[in-house]
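The primary structure of each chain is shown beneath.
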Amino acid sequence: MDLKGQNHSLPEQQRFDVKPAHTAIVNEQPVAAAEVRESRGVMRSGVDPKERALVRKLDYYIMPTICVMYFLNYVDRNAIAQARLNHFERDLNMSGNEFNTAVSILFVGYVLMQVPSNMLITRIKPGIYMSGCMFLWAVVSACTASVRTYEGLVACRFFLGIAEAPFYPGATYILAIYYTHSEMAARVGLMYCGQLLATGFTGLISAGVFAGMDGLRGLAGWQWLFIIEGALTAFVALLGFWLLPNTPDDTYWLNGEERKIIQARAERDRISDALSKASAWEGLKQAFKDRRTWLFCFMQMFHLSACSFNAFFPTVAKTLGYNTTITLLLTCPPFVLAGAGSTVVGWSSGRLNERTWHITATLSTAIIGFVVAASTLNTAARYVACFIFPVGAFSANSVIVGWASSTLSQTEEKRAVVLAITNVFGHIGYIYGAYLWPDSDEPRYGIGFGASAGFALLSICCAWVVRMLLVQENRKIRASSSEHLNLYSY
């Protein structure tokens, strides 16, 4: 749960004077920026140097590993978008909406595996589990190079979705184990940056492979793309068995004192309505009964529906009128900028301990980009729009995921299930979103851009409803005690 309470040991939390139970709550707004800066100066001076050193060590071991793994997660997933520009559909005799179905079917397998996987991850070693799943999806991805028919492609994509399903909610679960709630948004933003860079740099990789290896040893460029990316993913998966942490008590690069500090941080970070440890099924029931779970689910579903352009971005970029190599190169800069934007927004959200306005600002920016892209075919204006809507749409993700994780973390089991459920709902948006970009709508793609703008607006509305509910929850918590309390952030 995001914290708005006082705790001198946590550098990213806000401080306030808790009112006695009989005092009326007049203003539930976040602390002003000037007050936040002043309070942080006090808190930083009181942070234990050992804790600061521990956080640096966690960042050194965890973040590079997770970011690279997530980078490759999307490299493998989005290879099909680049393959489309290398006579992929012609080689597999595909027509009509068959490519859209091949994109969509991955998320069917992805959705089916999410909740069972995250219920399981609380009972086994998460680092080993996720590395094993990564090696499996690397094999499936490389096998895509051998398909000869549309039906074979659909089968590969379905099983790729199953193999990839544990990674994102599992990664956020690991981050939630080791980092405080106020530290989460920046780390999720940094991890998400890996996905955006993958989408951008896959275009660069594909341009080189298609230009230099198409026809080499009798294989098409798109086949080499799947083989190379699958092999690289398998190599990193093997490293993950060694680098990715499990629980603090079962991670070799932590010493006894560091494990105690992590435990103390977790206890100190617990919200005032935290519950005792529960079974996996109890965590499932807790998540399903909490109405805020479903609001976050719809918020993420609408948000990722607005991001459905991801798998079709090279196709959209092709409408600018350039050849295949230049088109692939043009897809890179917008996603590099989006990665930087995601990192900055995640950092800002954690530092200011604010969620709703960050989501509103980023998704409103995306809406502007969608409208511009749909309203003009001018090359310069459209390419500028191709920078605006990815930056806005993708920058909101780290805020939404971090907000859901910290708001619904009364037990570890509930948090794991919530992360899976919100991710399931989010990726349902990708299933139907794949059909919003039909070839018949080329070159304007008004259906896709218009629908994306509407979905972004609906996600903003969900954020404000959650905000209103959390304001009410904070009033109840404050009224229940006159002690210093940790409250929800919004």
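As a reminder, the structure under discussion sits directly above these lines.
A brief look at the structure comes next. (Residues numbered from 1 in each chain as written. Predicted model: local features only at pLDDT ≥ 70, side-chain atom pairs only at ≥ 80, totals over all residues. Heavy atoms only, no water.)

Remarks on the overall build of the protein chain
Our working definition: Runs of H or I in DSSP of at least four residues are treated as helices and runs of E of at least two as strands, each being numbered from the N terminus. Here the term buried applies to any residue with accessible area under 20% of the maximum for its type, exposed to any over 50%, and partly exposed to those in between, with areas from a 1.4 Å probe on protein chains only. Any two residues having at least one pair of non-hydrogen atoms within 4.5 Å are treated as being in contact. With residues, only the protein chains shown are counted as cover, and all accessible areas are computed by Shrake-Rupley using a 1.4 Å probe.
When helices and strands are counted, the protein chain shows 20 helices and zero strands. The buried share among the 490 residues of the protein chain stands at 60%. Here the contacts in the protein chain between residues at least 6 apart in sequence split such that 82% fall between residues at least 24 apart. Carbon together with sulfur atoms contributes 65% to the accessible area of the protein chain, which is approximately 18,100 Å² in total.

Remarks on unusual backbone geometry
With an omega of 5°, the peptide bond between Glu442 and Pro443 qualifies as cis. Of note, Pro443 is situated in the loop between helix H19 (412-433) and helix H20 (446-480). You will see that His87, though not glycine, has its phi angle at about 45°, which is positive. Tracing the chain through its elements places His87 in the loop between helix H2 (49-83) and helix H3 (88-91).

Notes on a nonpolar patch on the surface
Keep this limit in mind: Nonpolar side chains (Val, Leu, Ile, Met, Phe, Trp, Tyr) are joined into patches within 5 Å and like charges within 9 Å, using only residues with over 30% relative accessible area and no salt bridge. In what follows, salt bridge is the name for a side-chain nitrogen of Lys or Arg lying within 4 Å of a carboxyl oxygen of Asp or Glu.
A contiguous nonpolar surface patch, about 420 Å² in accessible area, is contributed by Ile128, Phe135, Val139, Leu238 and Phe241. Going through the elements one at a time, helix H5 (126-143) and helix H9 (221-243) are the ones with two or more residues in the nonpolar patch. Sort the elements by how many residues they give to the nonpolar patch and H5 lands first, with three residues. By the element assignment, Phe241 lies in helix H9. Accessibility expressed as a relative area gives 40% for Phe241, which makes it partly exposed.

Let's talk about the nonpolar core
Selection rule: Among the buried residues, those of types Ala, Val, Leu, Ile, Met, Phe, Trp, Tyr and Cys that are joined through side-chain atoms within 4.5 Å form a nonpolar core.
Membership of the largest hydrophobic core comes to 144 residues, with the highest contact counts inside it found for Phe88 and Phe309. The greatest single-element share of this core, amounting to 15 residues, is contributed by H2.

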